[in-house]
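Take a look at the letters that make up each chain.
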Amino acid sequence: MNNRELSEDRFIKETRPDSATYGQDRLICLIREISVQDKTEIIQLLLPELMRLSRETFLHLRRSSPRFSTSEWPWLSGTKPDTLTMQDANRFLCACILELNAGKTDVWANIEYFVQEILENPENLWRSILLHSPEGWADQYWEYDLHPEPAIHARLYEIASLMVRYYHGDARQIWADYLSSPQEVFRRIKVLNVPRSTACLITGALKDEHYLEGVFDIVGDVVDSRVLGRIACGEGTGLTSYQARILGKMISAEDPWILDRPLYVLGMSYCSPGPRCRRCPVHERCVYAVSADLGISAGKKIYEGLFGQKTVQKSLKRWL
Ligand code: SF4
């Protein structure tokens, strides 16, 4: 099967009114059935139910605690689109751009300090950055202390010049006219030459804060791929970013973005490369953990049922 055939239409989208216990029991039955089944056609008949159970797991998790369903976005949270100032919109955008690989650095507090204390609250953050020469900006790397990586400090200057060229230095122009289309806003952010994951983060934050409405994919980064792969496939290492996004659509076709926050929190708190399944809130609903408890393996068969055999994918790649 090729990826083109992996349409989410194959998967039933509605949540069944089953009890939590029924879902857990049914997951055990499905994993057992798949692990002993050799016929791919039969495994593929079982996959829609597996995706539905995964969807229930995520919905259950989102309902169980606000930390799995809501995020706080400085300068956006609690503000309506028509009252957001250009200064706050620019700070938000700038901090999201600096989030990339920031590690433990608190970019949100750094941006606040940079704008207030160093630039003295300028009318337009991006134009103020461009008051430096490119060399002068690079020289301020230590002084401004915006990000641990010099390359990202330097990139901010290029982004400032694109912001002024395309959006007059006003971040609100990126999303103001596109209230119903996260995809369009995503494309407008990509014009700034930022990585895909950063553009997803910004678009998703705007969706979380109801600045945008509409369907949007999960980020599909290494954390998403690992956690989603384990929960839905029982495979945490084999999924590419593209496959993770396809899987997100299979599980939640009406809006994959609802999976993103739970994936992030699980990935940061429990599902690291060495997972802490016993403490994890989805332990009884996760294919990886349930398979391990049963002492059986269904991950490879589920993966191949969804995406085809890895060796076939590799051979196909050589011809494409
Ligand atoms: S149960 Fe284990 S494998 Fe599954 S999401 Fe939680 S930590 Fe990850």
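Above this text sits the structure in question.
Just so it is clear, the structure is predicted and the values come from calculations on it, not from any experiment.

### Here we look at the overall build of the protein
And step 1. Each helix and strand in the protein was counted, giving 17 helices and zero strands.
And step 2. When each of the 320 residues of the protein is scored for burial, the buried share is 50%.
And step 3. A separation of at least 24 residues holds for 68% of the contacts in the protein among residues at least 6 apart in sequence.
And step 4. Surface summary for the protein: the accessible area is close to 16000 Å², and the carbon and sulfur share equals 51%.

### Structural notes on the packing of helix 2 (residues 40–64) against helix 16 (residues 299–307)
And step 1. Contact geometry of helix 2 with helix 16 gives a least axis separation of 10 Å together with a crossing angle of 95°. It follows that helix 2 is roughly perpendicular to helix 16 by the angle criterion. Judged by residue contacts, I43, Q44, L47, L50 and M51 of helix 2 engage K301, I302, G305 and L306 from helix 16.
And step 2. When grouped by side-chain class, the residues that make up the contact of helix 2 with helix 16 number six nonpolar, two polar and one charged.

### A look at the site of the ligand
And step 1. Taken together, R230, I231, Y270, C271, P275, C277, C280, V282, H283, C286, Y288 and A289 form the complete shell of residues around the ligand.
And step 2. Taken together, the residues of the shell around the ligand break down into ten nonpolar, one polar and one charged.

### Some details on the pattern of salt bridges
And step 1. Summed over the entire model, instances satisfying the criterion amount to eleven salt bridges.
And step 2. R172 is the salt-bridge partner of D170, the closest N and O atoms lying 2.9 Å from each other.
And step 3. Relative accessible area serves as the criterion here: at 28%, R172 is assigned to the partly exposed category.
And step 4. Several salt bridges share partner residues, and in doing so they unite D88, R91 and E112 into one network.

### Describing the packing of aromatic side chains
And step 1. Using the criterion set out here, one finds 14 aromatic pairs in the structure.
And step 2. Where W73 meets F92, the ring centres are 6.5 Å apart and the plane angle is 90°; that geometry is what we call edge-to-face. Of the two residues, W73 sits in the loop between helix 2 and helix 3 (86–98) while F92 sits in helix 3, which places them 19 residues apart along the sequence.
And step 3. Centre to centre, the rings of W175 and Y211 are 6.5 Å apart; their planes meet at 85°, and the pair counts as edge-to-face. Residue W175 is located in helix 9 (residues 172–175), and its partner Y211 is located in the loop between helix 11 (196–208) and helix 12 (222–233); the two are separated by 36 residues in the primary sequence. Of the two residues, W175 and Y211, neither departs from the other in class, the shared state being buried.
And step 4. One aromatic cluster in this structure is built from W73, W75, F92, W108, W175 and Y211.
And step 5. A cation over an aromatic ring shows up here: R230 above the ring of Y288, its NZ or CZ 5.2 Å from the ring centre.

### Some points on unusual backbone geometry
And step 1. With a phi close to 55°, H168 is a non-glycine residue in the positive phi region.
And step 2. With respect to the helices, strands and loops of the structure, H168 is situated in the loop between helix 8 (150–167) and helix 9.
And step 3. Non-glycine residue N193 carries a positive phi angle of around 65°.
And step 4. You can call N193 exposed: its relative accessible area is 56%.

### What to know about the environment of L266
And step 1. Looking at the secondary structure, you find L266 in helix 14 (residues 260–269).
And step 2. The exposure class assigned to L266 is buried, which follows from its relative accessible area of 1%.
And step 3. With 14 residues separating them in the primary sequence, L266 and C280 have C-alpha atoms 7.7 Å apart.
And step 4. For L266, the contacting residues outside a window of four places in its chain are L61, F68, V227, I231, C271, C280, P281 and V282.

### Some remarks on the nonpolar core
And step 1. Counting residues in hydrophobic clusters, the biggest one holds 53 residues, and the most contacted among them are F92, W126 and W175.
And step 2. When residues of this core are traced back to their parent elements, those giving at least two are helix 3, helix 4 (107–118), helix 5 (125–129), helix 8, helix 9, helix 10 (182–190) and helix 11.
And step 3. Ranked by residue count, the leading element in this core is helix 8, at nine residues.
And step 4. Judged by nonpolar contacts, the second largest core, of 43 residues, contains M51, I246, V282 and L306.

### A closer look at the packing of helix 3 against helix 4
And step 1. Between helix 3 and helix 4, whose axes approach to 9 Å, the crossing angle comes to 130°. It follows from the interaxial angle that helix 3 and helix 4 lie oblique. Between helix 3 and helix 4 the crossing geometry is right-handed. When helix 3 is examined against helix 4, the residues R91, F92, C94, A95, C96 and L98 are found in contact with a partner set consisting of V107, W108, I111, E112, V115 and Q116.
And step 2. Classifying every residue of the contact of helix 3 with helix 4 gives nine nonpolar, one polar and two charged.

Cut-offs used in this document
- Residues numbered from 1 in each chain as written.
- Predicted model: local features only at pLDDT ≥ 70, side-chain atom pairs only at ≥ 80, totals over all residues.
- Heavy atoms only, no water.
- Helix = DSSP H or I, 4+ residues; strand = E, 2+ residues; numbered from the N terminus.
- Buried < 20%, exposed > 50% of the residue type's maximum accessible area, 1.4 Å probe, protein only.
- Contact = heavy atoms within 4.5 Å.
- Areas by Shrake-Rupley, 256 points an atom, 1.4 Å probe, with all protein chains shown as cover.
- Axes fitted to C-alpha atoms, helices over the stretch in contact; angles between N-to-C directions.
- Parallel < 35°, antiparallel > 145°, perpendicular 65-115°, else oblique.
- Nonpolar A, V, L, I, M, F, W, Y, C, P; charged D, E, K, R; others polar.
- Near = heavy atom within 4 Å.
- Salt bridge = Lys/Arg side-chain N within 4 Å of Asp/Glu carboxyl O.
- Phe/Tyr/Trp six-rings, centres within 6.5 Å; stacked < 30°, edge-to-face > 60°.
- Lys NZ or Arg CZ within 6 Å of the ring centre and 35° of its normal.
- Core = buried A, V, L, I, M, F, W, Y, C linked by side-chain atoms within 4.5 Å.
- Left-handed = near helix turned anticlockwise from the far one by under 90°.

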